[in-house]
Amino acid sequence: GAGVSQTPSNKVTEKGKYVELRCDPISGHTALYWYRQSLGQGPEFLIYFQGTGAADDSGLPNDRFFAVRPEGSVSTLKIQRTERGDSAVYLCASSTGTSAEQYFGPGTRLTVT
Amino acid sequence: AQSVTQLDSQVPVFEEAPVELRCNYSSSVSVYLFWYVQYPNQGLQLLLKYLSGSTLVKGINGFEAEFNKSQTSFHLRKPSVHISDTAEYFCAVGNQGAQKLVFGQGTRLTINP
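Residues numbered from 1 in each chain as written. Chains lettered and ligands numbered in written order. Predicted model: local features only at pLDDT ≥ 70, side-chain atom pairs only at ≥ 80, totals over all residues. Heavy atoms only, no water.

## Some words on the overall build of chain A
Quick reminder of the rule: Each helix is a run of H or I in the DSSP string that is no shorter than four residues. Each strand is a run of E no shorter than two, and both are numbered from the N terminus. The atom set for the radius of gyration is the C-alpha atoms, and the globule formula is 2.2 Å times the number of residues raised to the power 0.38. Only protein chains enter the accessibility calculation, which uses a 1.4 Å probe; a residue whose area is less than 20% of its type maximum is buried, one above 50% is exposed, and one in between is partly exposed. Note on contacts: a residue pair qualifies if any of its non-hydrogen atoms lie within 4.5 Å across the two residues. Under the convention used here, a 1.4 Å probe and the Shrake-Rupley method define accessible areas, while residue burial counts only the protein chains that appear. For this count, His and the chain ends are skipped, Lys and Arg are scored as positive, and Asp and Glu as negative. The location of each charge is read from NZ of Lys, CZ of Arg, CG of Asp or CD of Glu.
If you tally the helices and strands in chain A, you get 0 helices and 11 strands. If you list the helices and strands of chain A from N to C, you get β-β-β-β-β-β-β-β-β-β-β. For 113 residues, the compact-globule estimate of 2.2 N^0.38 gives 13 Å, and the C-alpha radius of gyration of chain A, at 13 Å, lies within 12% of that figure. The 113 residues of chain A split such that 48% are buried. Here the contacts in chain A between residues at least 6 apart in sequence split such that 53% fall between residues at least 24 apart. Looking at chain A as shown, the accessible area adds up to about 5,300 Å², and 47% of this sits on carbon and sulfur atoms. Across chain A, the 11 positively charged side chains and the 11 negatively charged ones have centroids separated by 8 Å.

## Some thoughts on the side chain of Q37 of chain A
Here is the rule we go by: Definition of a polar contact: a pair of N or O atoms within 3.5 Å, with one able to donate and the other able to accept a hydrogen when the atoms are protein atoms, and with sequence-neighbouring residues admitted only if both atoms are side-chain atoms.
Summarising the element assignment, Q37 of chain A is placed in strand β4 (residues 31-37). Among the polar contacts listed, one links the side chain of Q37 of chain A to the backbone oxygen of Q41 of chain A, at a separation of 3.0 Å. The contacts of Q37 of chain A, once residues within four sequence positions are left out, are G42, P43, A88, V89 and L91 of chain A together with Q38 and F90 of chain B.

## A look at the state of the cysteines
Note the threshold: We call a pair of cysteine sulfur atoms a disulfide when they lie within 2.5 Å.
Going through the model one piece at a time under the given rule, you end up with 2 disulfides over all chains. The residue that forms a disulfide with C23 of chain A is C92 of chain A, at a sulfur-sulfur distance of 1.8 Å. Handedness here is read from the sign of the S-S torsion; for C23 of chain A and C92 of chain A, about -65 degrees, the answer is left-handed. Taken together, the residues span a long stretch of sequence, with C23 of chain A in strand β3 (residues 19-24) and C92 of chain A in strand β9 (residues 88-95) at a distance of 69 residues. Just as C23 of chain A is buried, C92 of chain A falls in that class too. There is a disulfide in this structure between C23 of chain B and C91 of chain B, and the S-S distance comes to 2.0 Å. Its torsion about the S-S bond being -65 degrees, the disulfide of C23 of chain B and C91 of chain B is classed as left-handed. Pair noted here: C23 of chain B is in strand β4 (residues 23-26) and C91 of chain B is in strand β10 (residues 87-95), with a separation of 68 residues, a long-range link. One exposure class covers both C23 of chain B and C91 of chain B, and it is buried.

Here it is in structure tokens:
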């Protein structure tokens with residue numbers, strides 16, 4: 001079956017602009033996660049959804065970052081007033097909600113100029 | 001809080017030689033442990049996982065890892081590496097409840113002919 005998909009694969013934006021990154025999880029997976037991977041680092045947790053609600057958003061760095069999952073499937077990560085330090089690969093993962101195993105998408109590479 | 005330390009940032013080995021990538025974790029609760037591989041310009045792929053039971057876990061591509069609770073370690077091993085194993089390897093810890101993963105910084109495995 002289809003894996004986790006993320007769009008766009010690459011996004012270049014200017015400092016101060018607003019961006020949206022989309023994640024389409026594996027069909028039937030109730031849990032969805034966003035991570036951020038900076039160059040040369042491991043992925044860092046941002047937010048976790050169980051169904052439509054954010055069960056843990058402790059990793060969001062500040063209030064410029066926001067994520068939604070209105071119908072319990074597709075999720076959008078929104079970044080306002082982007083800064084150069086936001087440049088990274090944003091990874092999405094999904095799981096069944098009862099399994100600890102997370103399946104990752106290919107990521108969106110965000111570059112803020 | 002949980003944390004993961006990958007003791008080697010880079011590991012160069014010759015083709016067909018054995019390799020061990022080291023991972024230590026800290027956690028105050030029972031853990032799940034994972035190794036993910038990231039090939040150049042690709043997403044994260046699960047190599048193997050420890051959830052419970054036998055402490056020796058076998059994964060894909062001939063890799064295995066051993067969970068050592070007393071030493072809080074989960075080292076990854078392969079008896080004979082191939083050029084195609086060149087990649088970044090990440091150790092991660094999670095806990096019961098299908099929640100966020102905490103990743104190490106990664107180990108870059110380079111295979112020399």
